[in-house]
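Per-entry structural report
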Amino acid sequence: EAQYLIPARMCAAVIQGISSLYTIVLTYEKKVMSIAGAAGVSAVVSLGLKYLLIGPFGYQVVVYVDILGSLLLLMMNWWLVRKYARASYFRNRWFWVASLFSAAAVPLCLLLFQNRLARYLTVALYLGGFALAVWHYRAAIADFWKNRKPSQRAQSASLPEQRP
C-alpha cells in the first residue's frame, strides 16, 4: 500500500533539491537568517497541515503535504534570491543543468527501486562521473587547496593565548 507513495515522495525530494540550489545562493549572499525563516515557515505550515489532515485522510496524506511544504519553501527561496541576490546566477547554465538533473532523478529513482542491476550500474556511473570530473579539474582543485586562506577561527585557534 505504501509503495504507491514512493513517486510522490521522490517528487518532494526533487523539489527540495531544486530549492537547495537557491539556498546555496542565499548562503553565499550571507542571508542565513532568511533561509532559517523560510524553512521555519515551511515547517510550521507542513506540520499544521499534517496535523489537520492525517485524521480525515490517513497517513497517505503526509507525502502530499510534503510536496506542498517543499513547493512553499521553493517559492520562498526563489523570492528571497530575487530580493537579495543578483539574477545572474540563473543565467548560468550549470544552475539549469543541476535543476534538470534533479528532475531526472525521479524516474531514475523509480527505476532503481525496482531493478537491482540498474541500481548498481547507476551507482557505478555516478562514481565514474565523479572520478572523471575530479580528474578533469585536478589542477584547479590542487590550486584551490594550495592557495586557500585559513579561516579566522583557525587563525585564532593557532595563536598563543595572550594574558595581561
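Overview of the structure. Because the structure is a prediction, the values reported are computed rather than measured.

Some words on the pattern of salt bridges
Under the counting rule described, the total for this entry stands at 2 salt bridges. The partner of Arg 9 in a salt bridge is Asp 66, and the shortest N-O contact between them spans 3.9 Å. Highlighted residues: Arg 9 in helix H1 (residues 6–28) and Asp 66 in helix H3 (residues 61–84), separated in sequence by 57 residues. Here Asp 66 ties to Lys 50 by a salt bridge, and the two come within 2.8 Å at their closest N and O atoms. Of this pair, Asp 66 sits in helix H3 while Lys 50 sits in helix H2 (residues 32–57), and the two are 16 residues apart along the sequence. The same class applies to Asp 66 as to Lys 50, namely buried.

Observations concerning the packing of H1 against H3
Helix packing for two helices is described by the angle between their axes and how far apart those axes are. One can describe the packing of H1 onto H3 by two numbers: an axis separation of 9 Å at closest approach and a directional angle of 20°. Between H1 and H3, the crossing angle belongs to the class labelled roughly parallel. Along this stretch, H1 crosses H3, giving a crossing that reads as left-handed. By residue class, the composition of the contact of H1 with H3 is 18 nonpolar, 5 polar and 2 charged.

Thoughts on the side chain of Ser 34
Looking at where Ser 34 falls in the secondary structure, it is placed in helix H2. Those residues in contact with Ser 34 that lie beyond four places of it in its chain are Leu 80 and Tyr 84.

Overview of the nonpolar core
Counting 17 residues, the largest nonpolar core has Ile 18, Tyr 22, Leu 26, Ile 67, Leu 74 and Val 81 as its most contacted members. Only H1, H2 and H3 provide two or more residues apiece to this core. Looking at this core element by element, the count peaks at 8 residues for H1.

What about H1?
In this model H1 runs 33 Å from its N-terminal to its C-terminal C-alpha over 23 residues, within 8% of the 33 Å that 1.5 Å per residue would give. Within the sequence span of H1, burial applies to Ala 8, Ala 12, Val 14, Ile 15, Ile 18, Ser 19, Leu 21, Tyr 22, Val 25 and Leu 26. Lys 30 sits one or two residues past H1 and shows a positive phi near 60°.

Rules behind the numbers
- Residues numbered from 1 in each chain as written.
- Predicted model: local features only at pLDDT ≥ 70, side-chain atom pairs only at ≥ 80, totals over all residues.
- Heavy atoms only, no water.
- Salt bridge = Lys/Arg side-chain N within 4 Å of Asp/Glu carboxyl O.
- Helix = DSSP H or I, 4+ residues; strand = E, 2+ residues; numbered from the N terminus.
- Buried < 20%, exposed > 50% of the residue type's maximum accessible area, 1.4 Å probe, protein only.
- Axes fitted to C-alpha atoms, helices over the stretch in contact; angles between N-to-C directions.
- Parallel < 35°, antiparallel > 145°, perpendicular 65-115°, else oblique.
- Left-handed = near helix turned anticlockwise from the far one by under 90°.
- Nonpolar A, V, L, I, M, F, W, Y, C, P; charged D, E, K, R; others polar.
- Contact = heavy atoms within 4.5 Å.
- Core = buried A, V, L, I, M, F, W, Y, C linked by side-chain atoms within 4.5 Å.
- Expected span 1.5 Å × (residues − 1).

All we've got here are geometric facts, nothing functional implied.
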